[in-house]
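These are the residues of each chain, in order.
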Amino acid sequence: MLTYEQARNKVIEEVGKRKGPRATAVVSVWDALGLVLAQEVKTDREYPPFNRSTRDGYAVRAKEAAPGAQLKCAGEIKAGDTVREALAAGTCLQIMTGAAVPAGDDRTHQP
């Protein structure tokens, strides 16, 4: 078995032997598993176009998230739900992974 350093040096050595441009091909995303991109993937807009939850939890206003705080749970937001209203003072919302995060009292944080 090679040590990490030996394996790293072997990879660098092998890559160094290959000169010139690599062969490229256009394939569908469905056939791309295991392939390496030849150029960056860019979009013409932020995606998704809203702040989203990275795990299940509760949306709360930061200034109200303090030890001992008691907030009324005003509902839930599931992934795919449209969030139209800001989070009201004194409330929280149960929020699922991938769901849009509602704005607090500062409307400038909404997309």
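Structure report, in brief. Source: prediction; values computed, not measured. Throughout this document, residue positions are counted from 1 along each chain, in the order its sequence is written. The predicted origin of the model limits local features to residues at a pLDDT of at least 70 and limits the giving and counting of side-chain atom pairs to 80 or more, whereas totals for whole chains, interfaces and linings rest on all residues. With hydrogens and water excluded, all non-hydrogen atoms of the structure serve as input to the side-chain values.

### A closer look at the pairing of strand S3 (residues 91–95)
- Residue burial is assigned from relative accessible area. The probe radius is 1.4 Å, only protein chains are included, and a residue is buried under 20% of its type maximum, exposed over 50%, and partly exposed in between. Numbering of helices and strands runs from the N terminus; a helix is a DSSP stretch of H or I covering at least four residues, while a strand is a stretch of E covering at least two. Counting buried positions along S3 yields 4 of 5 residues, so the element is predominantly enclosed.
- DSSP-based pairing: two strands are paired if at least 2 bridges between them are found. Two strands pair when backbone bridges link them, and strand S1 (residues 57–59) and S3 are joined in this way by 3 bridges, in the antiparallel orientation. Its bridge partner lying in S3, Gly 57 is registered against Ile 95.

### Re the side chain of Glu 64
- With respect to the helices, strands and loops of the structure, Glu 64 is situated in the loop between S1 and strand S2 (72–77).
- Judged by relative accessible area, which is 16%, Glu 64 ranks as buried.
- Note on contacts: a residue pair qualifies if any of its non-hydrogen atoms lie within 4.5 Å across the two residues. Not counting the four nearest positions on each side in its chain, Glu 64 is found in contact with Ala 69, Leu 71, Ala 89, Gly 90 and Thr 91.

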